[in-house]
Structures are given as C-alpha cells and as structure tokens.
Amino acid sequence: MTKKLLIYIEYNDNSIQKVSKEIIAESKRKFDDIELSGVVVCSERTYECLKNELEQLSLDNIYVIKDNIFDIFNAKIFANSICDFINTNCFDIFLMGATEDGRELAPRVASTLDIGLTADCTDIDIDKEGNLLATRPTYGGKLMATITSKTKPNFATIRTGAFRLEKSVGLKSPEFQIINPNISGLTTLIEIIKEEKKPEIEDWTCSEIIVAGGLGLQTKENFELIYKLAEKLNAKPAASRAAVELGWASESIQVGQTGSSVSPKLYLAFGISGAMQHLVGISNADKIIAVNTDRNAPIMRNSDIAIVADAVAIIQELLNS
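Below is a short write-up of the structure. (Residues numbered from 1 in each chain as written. Predicted model: local features only at pLDDT ≥ 70, side-chain atom pairs only at ≥ 80, totals over all residues. Heavy atoms only, no water.)

## Notes on the overall build of the chain
Now for step 1: Summing up its helical and strand segments, the chain has nine helices and 17 strands in all.
Now for step 2: Relative to the compact-globule value of 20 Å for 321 residues, the chain shows a C-alpha radius of gyration of 22 Å, a close match.
Now for step 3: Expressed as lengths along the three principal axes of its C-alpha atoms, the size of the chain is roughly 65 × 50 × 35 Å.
Now for step 4: Burial analysis of the chain (321 residues in total) assigns 48% to the buried set.
Now for step 5: Within the chain, contacts between residues at least 6 apart in sequence are counted, and of these 68% link residues at least 24 apart.
Now for step 6: Accessible surface, the chain: about 16400 Å² in total, of which carbon and sulfur atoms supply 48%.
Now for step 7: Averaging the positions of the 34 positive and the 44 negative side-chain charges in the chain gives two centres separated by 3 Å. (Helix = DSSP H or I, 4+ residues; strand = E, 2+ residues; numbered from the N terminus. Rg over C-alpha atoms; globule rule 2.2 N^0.38 Å. Buried < 20%, exposed > 50% of the residue type's maximum accessible area, 1.4 Å probe, protein only. Contact = heavy atoms within 4.5 Å. Areas by Shrake-Rupley, 256 points an atom, 1.4 Å probe, with all protein chains shown as cover. Lys, Arg positive; Asp, Glu negative; His and termini not counted. Charge placed at Lys NZ, Arg CZ, Asp CG, Glu CD.)

Quick look at the structure:
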C-alpha cells in the first residue's frame, strides 16, 4: 500500500514560503514511492494570488482549505481546520516548516491530534516500514538524534534552509481539491486597525558566495576583514557562533544550529573550527574552502579544500591581490 505524505504549504504576502518549497524538493528527491500532497489554508483572495505558484509545485495532490475567515492568520482556527482535514483523511507523515507561524501551529496540531512532534529538524528519511526518521540537533547541538514516532501521522517541523531548493521542483501538475471547512463555532476576535508592511529582508542564506569568520581571527578588528573581503568578492559575510558571542558580528549573520542554514555555491571559512552546530548549517553548500591553523579541526575534514595557514594572513593576501 502506497504511503501518503502531507506537507503544510505556508505563505506570506501572497507568496509561498521558501521552507515549504524546500520540504517538497527534499521529499521528491528522497521518497520515490510515496504519494506527496500539500495542504494550504487560505481565503478566496489569497488562493487566487497563490494558484499559479501552487501549480508549479509538482505534487500529486493539493488540498485547498478555503474560507474568508482565513484572511487573517489565527493559529487556533488554522490548526483546528488542519486537524479536521487530517482526521477525515489518512496520511502517514505530516511535515511543516519551523517558521514563526509553524511554531504556533505545530504544538496545537500535535496536541489536538494526540500525536508526537519532532521539532526543528535538519534531515528526514524513512525506514523500511515507511516510518519517518526525523533528525535534529540535541544536547545543545553536540549530537544529532534521529527520532521515530509511534503515533500517526508521523509529524515533524523542518528548519528553513535545511534542504536544498532546486530552481524547478518538478513538471507534474497537481490535482487540486477544494475543501470547504466546517467553521461553525469558529470566530476570530482579531480586528485589523492598521496594516503596515514589514521592510523586506534580503535572504542572504542562498547567496552564491558566503565569506565566514570565526574565533581563529582572534580580534574584532581582524573580523572586520571578513566584511571587506565579502564586499570585494560580491559575497555575503557570515560568522560562527563563537564570533557572535564575542560581539564581533551580529546574530543575524550567524551560521549553524542556533543560527541560519546556508546553501551557497562557495562557502569560505576563515578561522572556524567547525563544531557540529556549524557543520549542520553548511551541509548544503556546494563547495567549502576552509582556512585554519589546526589541520585537525572538524571543518578541515569536511571541506573540499583545506588550507593550513593563518586565516588573517590569507584574507590580507586576498584583499591585496
């Protein structure tokens, strides 16, 4: 019997969130024999805006839970509608993004359905029986734990950037099914008084080149060279957790288990030892070049090119070339 996987399709500003596309892409890469479906909860207006983008997702089915009550995000109402849908359909696995909205929805869904939840995962797979194997960092990122669930559907949330996003997810056209939810008794106490758009934040995690610095740069002044080299290479700067904790860089550019996962074509790591927390965050980089005085540093063993040298001296050479 074919196993069935359901993916919650999240959107923002009438555009599908990157993490939903990443989950779909990874599921298509890994799960050949599983029926892949998506579910989106939206209003009529939002559905019309999303429809063309939804058609490009190359899923087997897309279920659209549609009602104008969903024009405003309300975690309780959204979660109730998702649970009603799952209760009336049989799915073996349910995945959603570990976003701000996902972190509100997931515990509500898990509690209502009385199922387990593996949160903030960085990898997924299935065993021979078709059960989800969800991998996430544990013990402060020192270990990676692969968790199986005894409840159905197996439920996990996935960290943004954990999976590689292909330019084209696929060519298959999904079959759409419109679901009219049972909203009797559901009301929202939210009233919009004023609407103000957030300033757009550039997604630097998918930049072609990322230049990152760590503790091996020794001083904040030396770390400033990372910004200069990034500018010269038309790249984006990044930092290890240790560099951020010392105040050398902003938390917004931290890479690793407690920061961002990145997927550049080239990742340049200067003075970064490469603890497991950091390696998790760069696992989707095409090429990694590491410069470190310690040839036994973990990042040196996980790089395509490892240069045993003083990171500051190498950066200065590059800046002067």
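## Structural notes on helix H5 (residues 220-232)
Now for step 1: Taking 1.5 Å of rise per residue, the 13 residues of H5 would be expected to cover 18 Å, and the 19 Å separating its terminal C-alpha atoms lies within 8% of that figure.
Now for step 2: Within H5 the residues assigned to the buried category are Asn222, Phe223, Leu225, Ile226, Leu229 and Ala230. Angularly, the buried residues of H5 cover 135° about the axis, an arc narrow enough to put them on a single face. Along H5, the residues that are exposed and aim more than 90 degrees away from the buried face are Glu221 and Glu231.
Now for step 3: Each element contacted by the buried residues of H5 is listed here: strand E13 (209-213), strand E14 (236-239), helix H6 (241-245), strand E15 (266-270) and helix H9 (311-320).
Now for step 4: Taken from the residues just after H5, asparagine 234 is the one with a positive phi, measuring 55°. (Expected span 1.5 Å × (residues − 1). Arc of directions from axis to C-beta.)

## Details of the environment of glutamate 231
Now for step 1: Along the chain, the position of glutamate 231 falls in helix H5.
Now for step 2: Sequence separation between glutamate 231 and valine 211 is 20 residues, and the spatial gap between their C-alpha atoms is 9.6 Å.

## Brief notes about the side chain of serine 81
Now for step 1: Summarising the element assignment, serine 81 is placed in helix H3 (residues 75-87).
Now for step 2: The class of serine 81 is buried, set by a relative accessible area of 5%.

## Some words on the pairing of strand E9 (residues 132-138)
Now for step 1: As defined by bridge partners, strand E8 (residues 123-126) adjoins E9 across four bridges and the pair is classed as antiparallel. Bridge pairing links aspartate 125 to leucine 133 in E9.
Now for step 2: Counting the residues between successive antiparallel strands, the hairpin from E8 to E9 contains five residues, one of them, glycine 130, with a positive phi of roughly 85°. (Pairing = 2+ DSSP bridges.)

## Overview of the sheet that holds strand E17 (residues 305-308)
Now for step 1: Across the sheet, five strands lie side by side as E14-E13-E15-E16-E17; this open sheet has parallel pairing. The sheet terminates laterally at E14 and E17, the two strands that pair on one side only. Averaged over neighbouring strand pairs, the angle between their axes works out to 15° when direction is ignored.
Now for step 2: Bridge count between E15 and strand E16 (residues 287-292): five bridges; the pairing is parallel. In the strand pairing of E16, tyrosine 267 is matched with isoleucine 288.
Now for step 3: Sheet strands touched by H5: E13, E14 and E15. Its angle to E14, the strand with the most contacts, is close to 155°.
Now for step 4: Sheet strands in contact with H9 are E15 and E16, and its direction is about 125° off that of E15. (Axes fitted to C-alpha atoms, helices over the stretch in contact; angles between N-to-C directions.)

## Section: the nonpolar core
Now for step 1: With 56 residues, the main nonpolar core has Tyr8, Val40, Leu54, Phe94 and Leu95 as its most contacted residues.
Now for step 2: Excluding anything up to four places from it in sequence, phenylalanine 94 contacts Leu6, Ile7, Tyr8, Val39, Ile82, Ile86, Val109, Pro153, Asn154, Phe155 and Ala156.
Now for step 3: By size, the runner-up hydrophobic cluster in this structure holds 37 residues, among which are Phe223, Ala235, Val244 and Trp248. (Core = buried A, V, L, I, M, F, W, Y, C linked by side-chain atoms within 4.5 Å.)

## So, the side chain of serine 43
Now for step 1: Positionally, serine 43 belongs in the loop between strand E4 (34-42) and helix H2 (44-55).
Now for step 2: A residue is classified by how much of its surface remains accessible, and serine 43, at 1% relative accessible area, is buried.
Now for step 3: Looking at serine 43, its side chain comes within polar contact range of the side chain of threonine 46, at 3.1 Å.
Now for step 4: With residues up to four places along the chain from it excluded, the contact list for serine 43 reads Lys66, Asp67, Asn68, Phe70 and Asp71. (Polar contact = N/O pair within 3.5 Å; in protein donor to acceptor, adjacent residues only side chain to side chain.)

## Description of the sheet that holds E9
Each strand in a sheet pairs with another by means of backbone hydrogen bonds, the pair being arranged parallel or else antiparallel.
Now for step 1: In spatial order, the strands read E8-E9-E10; together these three strands make up an open sheet with antiparallel pairing. The sheet is open, and its two edges are formed by E8 and strand E10 (143-147), each paired on a single side. Strand-to-strand twist across the sheet, computed as the mean angle between neighbouring axes with direction ignored, equals 25°.

## A few points about H2
Now for step 1: Between its first and last C-alpha, H2 extends 16 Å over 12 residues, near the 16 Å set by a 1.5 Å rise per residue.
Now for step 2: The set of residues buried in H2 consists of Thr46, Tyr47, Leu50, Glu53 and Leu54. Seen along its axis, H2 keeps its buried residues to an arc of 125°; they face one direction.
Now for step 3: Residues of H2 that are buried make contact with strand E2 (11-12), strand E3 (15-16), helix H1 (18-30), E4, strand E5 (61-66) and strand E12 (175-179).

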